[in-house]
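Residue-level listing of the chains:
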Amino acid sequence: MTAKKVRDYQDVIEAIEKAERDIPSLRVIRTDRVKTAGGPYPFYHLSITSPEAGNPERRTVFLGGGIHGDEPGGVWAVMEFLRRYPMQPDRYRRFEFTLLPCMNPFGYEHNTRANAAGIDLNRQFRNTAPPIEVQRVKKAVGGRPFFLTMEFHEDVDTPGFYLYELTQKGEPSWGREMIARIGARYPVNRNQEIEGLPAEEGLIHRQPGHIDLRKIMEQRADWPQAFYHYANGSRHCFTTETPIHLTRDERAEIHLTALDVALEKLWAP
Ligand SMILES: [Zn+2]
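Just so it is clear, the model here is predicted, and its values are computed rather than measured. (Residues numbered from 1 in each chain as written. Predicted model: local features only at pLDDT ≥ 70, side-chain atom pairs only at ≥ 80, totals over all residues. Heavy atoms only, no water.)

(A) Expanded view of the packing of helix H1 (residues 9–22) against helix H2 (residues 73–84). Relative to each other, H1 and H2 sit at 20°, their axes nearing to 9 Å. Classified by the angle their axes make, H1 and H2 are roughly parallel. Considering how the two elements wind past one another, H1 and H2 form a crossing that is left-handed. Contact with H1, carried on its side by Asp-11, Val-12, Ala-15 and Ala-19, involves Val-75, Met-79 and Leu-82 of H2 and no other residues of that element. Tallied by class, the residues present in the contact of H1 with H2 amount to six nonpolar, no polar and one charged. (Axes fitted to C-alpha atoms, helices over the stretch in contact; angles between N-to-C directions. Helix = DSSP H or I, 4+ residues; strand = E, 2+ residues; numbered from the N terminus. Parallel < 35°, antiparallel > 145°, perpendicular 65-115°, else oblique. Left-handed = near helix turned anticlockwise from the far one by under 90°. Contact = heavy atoms within 4.5 Å. Nonpolar A, V, L, I, M, F, W, Y, C, P; charged D, E, K, R; others polar.)

(B) Representation of unusual backbone geometry within the structure. Positive phi, close to 55°, is recorded for Asn-111, a residue that is not glycine. Structurally, the position occupied by Asn-111 is in the loop between helix H4 (105–110) and helix H5 (132–141). Assessed through its relative accessible area of 34%, Asn-111 is described here as partly exposed. (Buried < 20%, exposed > 50% of the residue type's maximum accessible area, 1.4 Å probe, protein only.)

(C) Representation of the sheet that holds strand S8 (residues 162–167) within the structure. Strand order in the open sheet formed by eight strands is S1-S4-S6-S5-S7-S12-S8-S11, with mixed pairing between adjacent strands. Each end of this open sheet is capped by a strand with a single partner; those strands are strand S1 (26–30) and strand S11 (203–206). Adjacent strand axes in the sheet meet at a mean angle of 15°, parallel and antiparallel pairs treated alike. Relative to the sheet, H1 contacts S1 and strand S4 (44–48), its axis offset from that of S1 by approximately 140°. (Pairing = 2+ DSSP bridges.)

(D) Main features of the coordination of the zinc ion. Protein coordination at the zinc ion comes from His-68 (ND1), Glu-71 (OE), Glu-71 (OE) and His-153 (ND1), with a distance range of 2.1 to 2.5 Å. Geometry at the zinc ion is irregular, judged from its four donor atoms and the angles of 56 to 150° they form at the metal. Between the donor residues of the zinc ion, the gaps in sequence give the motif H-x2-E-x81-H. Taken together, the residues span a long stretch of sequence, with Glu-71 in the loop between strand S5 (59–65) and H2 and His-153 in strand S7 (residues 148–155) at a distance of 82 residues. Looking at Glu-71, the relative accessible area reads 7%, which means it is buried. On the basis of relative accessibility, which here comes to 4%, the residue His-153 falls in the buried class. (Donors = N, O, S within 2.8 Å, 3.2 Å for Na, K, Ca; no water. Tetrahedral: all angles 85-135°; square planar, octahedral: opposite > 155°, others 65-115°.)

(E) Fine view of the environment of Arg-7. Looking at the element boundaries, Arg-7 is found in the segment before H1. For the pair Arg-7 and Gln-225, spaced 218 residues apart in sequence, the C-alpha to C-alpha distance is 24 Å. Those residues in contact with Arg-7 that sit more than four places away from it in its chain are Gly-69, Pro-72, Trp-76, Gly-107, Tyr-108, Glu-109 and Asn-111. At a separation of 3.5 Å, a polar atom in the side chain of Arg-7 contacts the main-chain carbonyl oxygen of Gly-69. (Polar contact = N/O pair within 3.5 Å; in protein donor to acceptor, adjacent residues only side chain to side chain.)

(F) Quick look at the pattern of salt bridges. Under the defined criterion, the tally for this structure stands at 19 salt bridges. Between Arg-181 and Glu-264 there is a salt bridge, and its shortest N-O distance comes to 2.8 Å. Of this pair, Arg-181 sits in helix H6 (residues 175–183) while Glu-264 sits in helix H9 (residues 248–266); the two residues are 83 residues apart in sequence, bridging distant segments of the chain. When its relative accessible area of 34% is taken as the criterion, Arg-181 is described as partly exposed. The partly exposed category is assigned to Glu-264, whose relative accessible area is 38%. Among the salt bridges present, the one from Glu-201 reaches Arg-190, with a minimum N-O distance of 2.7 Å. Taken together, the positions of Glu-201 in the loop between strand S10 (197–198) and S11 and Arg-190 in the loop between H6 and strand S9 (193–194) put the pair eleven residues apart, joining distant regions of the chain. On the basis of relative accessibility, which here comes to 44%, the residue Glu-201 falls in the partly exposed class. Take Arg-190: its relative accessible area is 44%, and that puts it in the partly exposed class. What you see here is one network of salt bridges that share partners, running through Glu-80, Arg-83, Arg-84 and Glu-253. (Salt bridge = Lys/Arg side-chain N within 4 Å of Asp/Glu carboxyl O.)

(G) Seen up close, the pairing of S11. Along S11, one buried face is formed by Leu-203 and His-205 and the opposite face, lined by Ile-204 and Arg-206, is buried too. Of the pairings in the sheet, the one linking S8 to S11 comprises four bridges and is parallel in character. Bridge pairing in S11 links Glu-165 to His-205.

(H) A look at the packing of aromatic side chains. The tally for this structure, following the rule as stated, stands at 14 aromatic pairs. Centre to centre, the rings of Trp-174 and Phe-238 are 6.3 Å apart; their planes meet at 20°, and the pair counts as stacked. In this pair, Trp-174 is assigned in the loop between S8 and H6 and Phe-238 in strand S12 (residues 236–243), connecting sequence segments 64 residues apart. One aromatic cluster in this structure is built from Phe-81, Tyr-85, Tyr-92, Phe-95, Phe-97 and Trp-267. Sitting over the face of the ring of Tyr-108, Arg-7 holds its NZ or CZ atom 5.4 Å from the ring centroid. (Phe/Tyr/Trp six-rings, centres within 6.5 Å; stacked < 30°, edge-to-face > 60°. Lys NZ or Arg CZ within 6 Å of the ring centre and 35° of its normal.)

Here it is, written out as structure tokens:
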């Protein structure tokens, strides 16, 4: 592959190292350099333990960015989350975070959706022998169900924000509220169909009822990451999609606004 380098993964590494100094409860797990067709990259898996470790109210949250390398807004959102975390310790104290800031380092640097071998990593989650990046994601998750999973994506064509929501049976939907809060300040994609799926005011909700979703999951061999989290039993699985015509700060802010809504819902005092 002859893709040109347009961003530096070193920026992500430095943000992680700074967070490691600023957040006492942050644990950084660095794997050995992951060899890819594009060269070796260190892979980072972060966890932030809750100061209320013994509290049964504590909630587990997974945040992931950059599985598609040409969607850097997701990586920037995780970096911004890490920057803000030490300033708002109370806000986050009941949550235990698992973070994968950049799941496709080669793609991030070269602005390619796929990895160096040309594989779309977000279609590899049912593969029993997936590319190394997906193996690292699965190792970090370890088959655990989370209360909330959020994967921050972007869409190069969309005029505005939209999201995919998967909820386990009996769990409420939070997508509309996320869109309302984001829509007050940013554009929302209100088309009735997005990416070939029926959408309602920016929300693509695979409603449980759930024959539909289960059947789709059974039939599809090319599972995206959200299906993997859902199959593990995670209760609320979101994929948020920002438009790339907005600024870096705006795109990070939109993802983190969606996260804020979910955290408020998870921890209704
Ligand atoms: Zn994507």
